[in-house]
Amino acid sequence: MENENRNEFKFGFTPGAENWNGRLAMIGFAAALIIELVSGKGVLHFWGLM
C-alpha cells in the first residue's frame, strides 16, 4: 500500500479532502457556538437573516 499524505490537498473524494472537510466543519460549528454564547442569539438572528 502506498504511503499517502492525508493532509495533502487534492480535488475529489480523497482522504485528505475529507480530513479538510471535517476540520472546517468543526471550526464552523465552534464559531456558531461562540457567537450564540457571546450574543445570546442564534447565528441567523445575529446576522439578521431571521
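Computed from a predicted structure; not experimentally measured. (Residues numbered from 1 in each chain as written. Predicted model: local features only at pLDDT ≥ 70, side-chain atom pairs only at ≥ 80, totals over all residues. Heavy atoms only, no water.)

Peer 1: How would you summarise the overall build of the protein chain if you had to cite specific residues and measurements?
Peer 2: Per the secondary structure count, the protein chain includes two helices and zero strands. Of the accessible surface of the protein chain, which amounts to about 4,600 Å², a share of 66% is contributed by carbon and sulfur atoms. (Helix = DSSP H or I, 4+ residues; strand = E, 2+ residues; numbered from the N terminus. Areas by Shrake-Rupley, 256 points an atom, 1.4 Å probe, with all protein chains shown as cover.)

Peer 1: I'd like a description of the packing of aromatic side chains, backed by residues and values.
Peer 2: One pass over the structure, following the stated rule, counts zero aromatic pairs. Seen from the ring of W20, R23 lies directly overhead, with NZ or CZ sitting 5.0 Å from the centre. (Phe/Tyr/Trp six-rings, centres within 6.5 Å; stacked < 30°, edge-to-face > 60°. Lys NZ or Arg CZ within 6 Å of the ring centre and 35° of its normal.)

Peer 1: Tell me about helix 1 (residues 15-39), residues and numbers included.
Peer 2: For an α-helix, 3.6 residues make a turn, and residues three or four places apart therefore share a direction. The terminal C-alpha atoms of helix 1, which comprises 25 residues, lie 36 Å apart, in line with the 36 Å expected from a rise of 1.5 Å per residue. After helix 1 finishes, the residue G40 shows a positive phi value of roughly 80°. (Expected span 1.5 Å × (residues − 1).)

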